[in-house]
Amino acid sequence: MNKLPTHKRVMILNMLIEGMSMRAVSRTVGVSINTVTKMLVEAGEACAAYHDETVRNVKANHVQCDEIWSFCYAKGKNVPTAKAAPEGAGDVWTWTAIDRDHKMILSFEVGDRSGATAIEFMDDLRARLANRVQLTTDGHKAYLEAVEGAFGGDVAYAMLIKLYGDATGKKGHERKYSPAECTGARKEIISGSPVKELVSTSHVERQNLSMRMGMRRFTRLTNGFSKKLENHLHMLSLYFVHYNFVRVYKSLRMTPAMAAGVSDTLHDMEWIVGLIDAQAPASKKRGPYKKKSISN
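Predicted model only: the values in this text are computed from it and were never measured.

The rules behind each value
Residues numbered from 1 in each chain as written. Predicted model: local features only at pLDDT ≥ 70, side-chain atom pairs only at ≥ 80, totals over all residues. Heavy atoms only, no water. Salt bridge = Lys/Arg side-chain N within 4 Å of Asp/Glu carboxyl O. Helix = DSSP H or I, 4+ residues; strand = E, 2+ residues; numbered from the N terminus. Buried < 20%, exposed > 50% of the residue type's maximum accessible area, 1.4 Å probe, protein only. Core = buried A, V, L, I, M, F, W, Y, C linked by side-chain atoms within 4.5 Å. Contact = heavy atoms within 4.5 Å. Pairing = 2+ DSSP bridges.

Caption draft 1: Local environment of the pattern of salt bridges. This structure, assessed with the given rule, holds 12 salt bridges. A salt bridge links Asp124 to Arg128; its shortest N-O distance comes to 2.9 Å. Remark: Arg128 and Asp124 occur in helix α4 (residues 115–128); sequence separation between them is four residues, near one turn of the helix. In terms of burial, Asp124 and Arg128 fall into one category: buried. The residue Arg126 makes a salt bridge to Asp154 at a minimum N-O spacing of 3.6 Å. Of this pair, Arg126 sits in helix α4 while Asp154 sits in the loop between α5 (142–151) and β5 (156–167), and the two are 28 residues apart along the sequence. Judged by its relative accessible area of 26%, Arg126 is partly exposed. Look at the salt bridges and you will find they share partners, linking Asp52, Arg56, Asp124 and Arg128 into a network.

Caption draft 2: Expanded view of the nonpolar core. Counting 68 residues, the largest nonpolar core has Leu13, Val63, Met122, Leu125 and Leu135 as the members making the most contacts within it. With eight residues, helix α8 (residues 229–245) is the largest single contributor of residues to this core. Ignoring any residue separated from it by four or fewer positions in sequence, one finds Leu135 in contact with Val63, Cys65, Met122, Leu125, Val147, Phe151, Val155, Ala156, Tyr157 and Ala158.

Caption draft 3: Region of the structure containing the pairing of strand β4 (residues 134–137). Burial along β4 is two-sided: the residues Gln134 and Thr136 and Leu135 and Thr137 are all buried. Judged from the three bridges that link them, strand β1 (residues 62–72) and β4 form a sheet pairing that is parallel. Bridging from a neighbouring strand, His62 pairs with Gln134 of β4.

This is the structure:
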């Protein structure tokens, strides 16, 4: 079976991580778009399996959670009139949990913004922690039941509820794309005894910015959005494993996984290529060649 050289595979993955579109990667590297798509799928599957198996029993003290919006194929309001909209089309929310001290992404969930997705997200986060933590979320009400169900009373939980005024900007389109002005925030203790000075969502919101900058699919007001939900999931899996295990965090001078004690090795993109190869099914030994007989 033909296989791209390792340096080309590394180049493709690096370009995807740095925010290039799949067709731009195809043109730059000189491979077909199908090759780039296949690489993304393989990398996503390998990275998802590695994250699920490795990010376990993490010793964290302060965890922040948030959701970031994107869409697949078309915005939710446009799906009913869209032509040939695939399954999963519409608004997509990515829920993330970050270790405030080590900057490691502990858990992520993709779905809508409902209570059901919040429950799945919090159950997954709880399963990856080794100890009691201080947890901070925004004021989204879906977190209340989800945190209670996953942690019970074994968590110091607080909400940071932001207060917004009118949207900034002028009338028309300029006002439409301007965010509302944050006029203040209220810290609300939900359970346990969280330290009020540490009730914050700044780190997870900064991670949201990194995601928008690093993944073309999250860039607003472009045509780089995901066309298939499966590829959206694969890109997230690749991004988070690269962020946790390969990318050196400047202030830490090591990867988040090393800072959190999950890994003791600084990995590179060739290592992710190795994960892909390890996930690939073993090639079968080719049988003897049988010459066809030609009858007159």
